[in-house]
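Tertiary structure, described
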Amino acid sequence: MKGELRYEGKAKKVFATDRPDEYVVEYKDDATAFNAQKRGTVAGKGAVNNAITAALYPRLEAAGVPTHFLERLSDREQRVRAVEIVPVEVVVRNVAAGSFSKRLGLTEGAPLARPVVEYYYKSDVLGDPLINDDTAVVMGWASEEDLATIRTLALRVRDFLTPFFEERGVQLVDFKLEFGKTPGGQIVLADEISPDTCRFWDARTGEKLDKDRFRRDLGGVEDAYQEMLRRVLGEPAGA
Ligand code: TMP
Ligand code: ASP
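The notes below deal with the structure included here. (Residues numbered from 1 in each chain as written. Chains lettered and ligands numbered in written order. Predicted model: local features only at pLDDT ≥ 70, side-chain atom pairs only at ≥ 80, totals over all residues. Heavy atoms only, no water.)

1. Description of the overall build of the chain
Counting its secondary structure elements, the chain contains six helices and 15 strands. In terms of C-alpha radius of gyration, the chain reaches 17 Å, essentially the compact-globule figure of 18 Å for 239 residues. By principal-axis analysis of the C-alpha atoms, the chain measures approximately 45 × 40 × 40 Å. Of all 239 residues assigned to the chain, the portion counted as buried reaches 51%. Considering only contacts within the chain whose residues lie at least 6 apart along the sequence, 56% involve residues at least 24 apart. Looking at the chain as shown, the accessible area adds up to about 11,400 Å², and 50% of this sits on carbon and sulfur atoms. In the chain, 35 positive and 40 negative side-chain charges are present, and the distance between their average locations comes to 2 Å. (Helix = DSSP H or I, 4+ residues; strand = E, 2+ residues; numbered from the N terminus. Rg over C-alpha atoms; globule rule 2.2 N^0.38 Å. Buried < 20%, exposed > 50% of the residue type's maximum accessible area, 1.4 Å probe, protein only. Contact = heavy atoms within 4.5 Å. Areas by Shrake-Rupley, 256 points an atom, 1.4 Å probe, with all protein chains shown as cover. Lys, Arg positive; Asp, Glu negative; His and termini not counted. Charge placed at Lys NZ, Arg CZ, Asp CG, Glu CD.)

Okay, structure coming up:
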């Protein structure tokens, strides 16, 4: 049962339920970029992101990553554990791209010798600035212990997802995660994993199959999201 609206973000709404320990998340078609300076809608995006997240989170649980996900309720809705979001966005990079390439003067697609984990402070007002672990601890956003757990889990997500997408003809370039804390103090993976929050490049052609099509006005945004849903739901190559 959906109760009062608890939180509205750029791409999702979170509702209270009749249980204090559960929320309902509703995925919207709204898309923003560059801290909401660019706004639009992507038809069917909410349903795609809901379905992809609902397909991935149980697999991540099985791979040893606790998550907030409980079940997909409808096209746009899912039931999740009520957690308090840690205001630190965690980006994991397999390959240089996006802001990392820009900041360091690297070609997009340049390989990295090992995955890079970055932290950003989740703040619309400040435009999600890059921070480090000391900053998160000093500001009281996460304890040192929580950050160690978050880093371990983020790399575990990467170790699961990289071959998962590779088997489906997709290079996982980088992605952003958010974690939450349960009332009992457990750190769990929250938010979503979708073409909004990952860079996906077709392994054969290099074609972008993610939100960069919207950010960079490349066209074909809806088709790219639908293609990623097909890849995720499809059988791995050779299976
Ligand atoms: P970046 O290269 O722009 O820092 O993005 C790194 C990854 O994080 C990329 O997969 C897209 C994702 N991301 C979000 O999910 N939300 C954001 O607000 C930004 C800037 C990036
Ligand atoms: N989070 C960005 C925004 O605030 C969107 C993005 O680039 O993914 O608009």
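Still more ground to cover, so stick around.
2. Looking at the environment of L60
Mapped onto the elements of the fold, L60 is located in helix α1 (residues 45-62). Among the residues examined, L60 registers a relative accessible area of 0% and is labelled buried. Taking the C-alpha atoms as reference points, L60 and L161, 101 residues apart in sequence, are found 8.4 Å from one another. Once residues within four sequence positions are removed from consideration, L60 is found in contact with V65, V157, F160, L161, L189 and I193.

3. Quick look at the side chain of R231
Of note, R231 is situated in helix α6 (residues 221-233). The class of R231 is buried, set by a relative accessible area of 18%. Discounting chain neighbours no more than four positions away, the residues touching R231 are R168, G169, V170, D202 and L209.

4. Examining the site of ligand 2
All residues adjacent to ligand 2 are K10, T32, A33, F34, N35, A36, K211 and R215. A distance of 3.3 Å separates an oxygen atom of ligand 2 from a polar backbone atom of N35. For the shell around ligand 2, the residue count by class is three nonpolar, two polar and three charged. (Near = heavy atom within 4 Å. Polar contact = N/O pair within 3.5 Å; in protein donor to acceptor, adjacent residues only side chain to side chain. Nonpolar A, V, L, I, M, F, W, Y, C, P; charged D, E, K, R; others polar.)

5. A word on the site of ligand 1
Neighbouring ligand 1 are 14 residues, the closest being R93, S99, D174, K176 and R199. In this structure, D174 approaches ligand 1 through a side-chain N or O atom, which is 2.5 Å from an oxygen atom. Contact distances for ligand 1 include 2.9 Å between an oxygen atom and a side-chain N or O atom of R199. Protein chains bury 76% of the 450 Å² of accessible surface belonging to ligand 1 in isolation. For the shell around ligand 1, the secondary-structure elements that each account for two or more residues are β9 (88-95), α2 (98-104), β12 (170-177) and β15 (198-202). The element contributing the most residues to the shell around ligand 1 is β12, with three residues. Classifying every residue of the shell around ligand 1 by side-chain character gives five nonpolar, three polar and six charged.

6. Description of the pairing of strand β4 (residues 30-33)
Pairing analysis gives four bridges linking β4 to strand β5 (residues 38-41), with the strands arranged antiparallel. Bridging from a neighbouring strand, A33 pairs with K38 of β5. In sequence, β4 turns back onto β5 through a hairpin of four residues, with F34 there showing a positive phi of about 55 degrees. (Pairing = 2+ DSSP bridges.)

7. Looking at the environment of A136
Relative to the elements of secondary structure, A136 occurs in helix α3 (residues 133-138). For A136, a relative accessible area of 0% gives the class buried. What A136 contacts, discounting residues up to four positions off in sequence, is V88, I131, W141, A142 and L147.

8. Observations regarding the packing of α1 against α6
Relative placement of two packed helices is described by the angle separating their axes and the distance separating the axes. At a minimum axis separation of 10 Å, α1 and α6 run at an interaxial angle of 20 degrees. One element, α1, and the other, α6, form an angle in the roughly parallel class. The handedness of the crossing between α1 and α6 comes out as left-handed. Residues K45, V48, N49, A51, I52, A55 and L56 of α1 form the contact with α6, whose participating residues are Y225, Q226, M228, L229, V232 and L233. Classifying every residue of the contact of α1 with α6 by side-chain character gives 10 nonpolar, two polar and one charged. (Axes fitted to C-alpha atoms, helices over the stretch in contact; angles between N-to-C directions. Parallel < 35°, antiparallel > 145°, perpendicular 65-115°, else oblique. Left-handed = near helix turned anticlockwise from the far one by under 90°.)

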